[in-house]
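Take a look at the letters that make up each chain.
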Amino acid sequence: MKLKLLSLSALLALATPAMSEEKSLKIEGAPDPVEVAADAAGPGGEVPNDLLDDRAIREELTVNKFTAPSISKLFDTLQFLMPLPLAEVERKMPVRMSQDRADLAIELGFLIADGFLMVQAEQLKDVEKMASDLTRYGKALGTGDQVNRHAAGLLESAKKGDVPQLKKELASTQKDVENELVTLQDADLAHLISLGGWIRALEVSTVAVDKQFSLERARKVMRKDIAEYYSDCITGLEPRISARPNYLAMHDLLEGLSTKMTLEPDKEPTPETIKDIRKISAQLVELALKRQQ
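Residues numbered from 1 in each chain as written. Predicted model: local features only at pLDDT ≥ 70, side-chain atom pairs only at ≥ 80, totals over all residues. Heavy atoms only, no water.

### Concerning the overall build of the protein chain
Counting secondary structure elements, the protein chain contains 13 helices and zero strands. In the protein chain, the succession of α and β elements from N to C terminus is α-α-α-α-α-α-α-α-α-α-α-α-α. Relative to its 293 residues, the protein chain shows a buried fraction of 54%. Long-range contacts, defined as pairs at least 24 residues apart, comprise 81% of the intrachain contacts of the protein chain with a sequence gap of at least 6. Split by element, the accessible area of the protein chain, about 13,500 Å² in all, is 50% carbon and sulfur. (Helix = DSSP H or I, 4+ residues; strand = E, 2+ residues; numbered from the N terminus. Buried < 20%, exposed > 50% of the residue type's maximum accessible area, 1.4 Å probe, protein only. Contact = heavy atoms within 4.5 Å. Areas by Shrake-Rupley, 256 points an atom, 1.4 Å probe, with all protein chains shown as cover.)

See below:
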């Protein structure tokens with residue numbers, strides 16, 4: 001399918017020939033790339049602008065017409081929602097690795113998101129375990145070399161207490177994994193990484209706002225455009241993924257979430273609205289992490 005993969009870094013020195021912007025990715029059995037792009041949410045099927053990486057970074061992308069929302073940008077909102085309820089939303093990665101690559105991709109999105117949570121809360125003592133998990137998932141997805149490099153950078157930055165560099169390493173991890181997956185013609189998986197990161201960010205933000213409500217904080221959660229974007233992206237995944245019961249259910253929940261996030265003119269979000277969105281986000285988490293049997 002055609003995904004708009006945001007974080008495709010040109011920093012990788014790949015042995016395979018570079019892919020031009022005009023050359024479409026062809027995956028057997030996948031929907032037509034142009035049709036999927038047209039189905040994406042927003043004007044012209046574009047990713048919401050504030051979820052794209054900085055212009056200077058985008059200009060360096062190897063395949064810059066394929067973009068997905070940056071997990072780093074998704075987590076920018078959380079700095080306005082401090083303090084974060086980390087104990088209440090704590091989540092441990094499964095010990096056993098899934099044999100399904102779609103499961104691995106969406107779980108990797110959750111893992112990268114948790115990394116941003118750790119850094120945001122400056123819980124640097126947990127970085128070593130997170131780096132180890134990143135290495136496991138990178139190896140399972142066939143992107144181990146790139147992830148290993150960033151895992152080492154994460155550990156070094158944690159030792160120095162360099163929070164800005166930790167954030168850069170996490171953002172680069174997403175970019176480089178996506179780049180490798182596109183090269184392997186697994187572009188759908190790159191988008192699932194972003195989807196997993198957003199669902200995790202939504203879970204944390206809704207819990208934070210529900211526990212400490214204000215109109216300003218609630219407005220940060222009301223992102224109809226993002227819910228619509230991911231709903232349409234699920235529709236455009238390869239049928240072997242999009243037709244799974246948990247993905248069909250996520251698609252329906254995202255459509256309902258888009259409606260819930262739509263406010264009438266002169267209306268503001270209420271505590272009850274946030275509670276409803278929190279319940280939906282919890283359902284999305286459960287469905288996203290439901291593995292193939």
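### Remarks on the packing of helix 8 (residues 187-211) against helix 12 (residues 245-260)
If you want to describe how two helices pack, look at the angle between their axes and the distance between the axes. For the pair helix 8 and helix 12, interaxial distance at closest approach is 14 Å and the crossing angle is 50 degrees. Relative to helix 12, the element helix 8 lies oblique. Where helix 8 crosses over helix 12, the two elements pack in a sense that is left-handed. When helix 8 is examined against helix 12, the residues Leu-192, Trp-198, Ile-199 and Leu-202 are found in contact with a partner set consisting of Tyr-247, Met-250, Leu-254 and Leu-257. (Axes fitted to C-alpha atoms, helices over the stretch in contact; angles between N-to-C directions. Parallel < 35°, antiparallel > 145°, perpendicular 65-115°, else oblique. Left-handed = near helix turned anticlockwise from the far one by under 90°.)

### Looking at helix 6 (residues 144-160)
For helix 6, which comprises 17 residues, the first-to-last C-alpha distance of 24 Å matches the rise-based estimate of 24 Å (1.5 Å per residue) to within 8%. The set of residues buried in helix 6 consists of Gly-144, Gln-146, Val-147, His-150, Ala-151, Gly-153, Leu-154, Ser-157 and Ala-158. The secondary structure elements touched by the buried residues of helix 6 are helix 5 (127-140) and helix 7 (163-183). Following helix 6 by one or two positions, Gly-161 adopts a phi angle in the positive range, close to 70 degrees. (Expected span 1.5 Å × (residues − 1).)

### Points about the side chain of Ser-281
Considering the arrangement of structural elements, one finds Ser-281 in helix 13 (residues 271-288). For Ser-281, the contacting residues outside a window of four places in its chain are Leu-202, Glu-203 and Thr-206.

### Focus on the confidence of the model for the protein chain
On average, residues of the protein chain carry a pLDDT of 77, and 75% of them reach 70 or more. Note that pLDDT drops below 50 for residues 1-45; the model gives that stretch 121 contacts with residues more than four away or on any other chain. (pLDDT = per-residue confidence, 0-100.)

### With respect to the environment of Ser-98
Topologically, Ser-98 is positioned in the loop between helix 3 (71-74) and helix 4 (101-120). Here the alpha-carbon distance between Ser-98 and Arg-291, two residues 193 residues apart in the chain, equals 7.2 Å. Residue contacts for Ser-98: discarding those within four places in its chain leaves Asp-103, Leu-104 and Arg-291. In terms of polar contacts, Ser-98 uses its side chain to reach the backbone amide nitrogen of Asp-100, at 3.0 Å. Of note is the side chain of Ser-98, whose polar atom sits 3.1 Å from the side chain of Asp-103. (Polar contact = N/O pair within 3.5 Å; in protein donor to acceptor, adjacent residues only side chain to side chain.)

### So, the side chain of Arg-244
Counting through the fold element by element, Arg-244 comes out in the loop between helix 11 (239-242) and helix 12. Side chain to side chain, Arg-244 and Asp-100 meet in a polar contact 2.8 Å long. Within polar-contact distance, the side chain of Arg-244 engages the backbone oxygen of Arg-240 at 3.2 Å. Those residues in contact with Arg-244 that lie beyond four places of it in its chain are Asp-100, Ala-102, Asp-103 and Gln-292.

### Things to note about the packing of aromatic side chains
Under the definition given, this model contains two aromatic pairs. For the ring pair Trp-198 and Tyr-230, a centre distance of 5.2 Å and an interplane angle of 25 degrees mean the geometry is stacked. You can see Trp-198 sitting in helix 8 and its partner Tyr-230 sitting in helix 10 (residues 224-235), a full 32 residues away along the chain. Residue Trp-198 is classed as buried on the basis of its relative accessible area of 5%. Its relative accessible area of 1% is what places Tyr-230 among the buried residues. For the pair Tyr-229 and Tyr-230, a centre-to-centre distance of 5.5 Å together with 85 degrees between the ring planes defines the contact as edge-to-face. Among the aromatic side chains, those forming a connected cluster through ring pairs are Trp-198, Tyr-229 and Tyr-230. Over the aromatic face of Phe-80 sits the side chain of Lys-220, whose NZ or CZ is 4.1 Å from the ring centroid. (Phe/Tyr/Trp six-rings, centres within 6.5 Å; stacked < 30°, edge-to-face > 60°. Lys NZ or Arg CZ within 6 Å of the ring centre and 35° of its normal.)

### Some remarks on the pattern of salt bridges
If you walk through the whole model with that rule in mind, you get 18 salt bridges. A salt bridge links Lys-211 to Glu-88; its shortest N-O distance comes to 3.1 Å. One end of the pair, Lys-211, is in helix 8; the other, Glu-88, is in the loop between helix 3 and helix 4, and 123 residues separate them in sequence. (Salt bridge = Lys/Arg side-chain N within 4 Å of Asp/Glu carboxyl O.)

### Looking at unusual backbone geometry
The phi dihedral of Asp-266 falls on the positive side, at around 70 degrees, and the residue is not glycine. On the basis of relative accessibility, which here comes to 84%, the residue Asp-266 falls in the exposed class.

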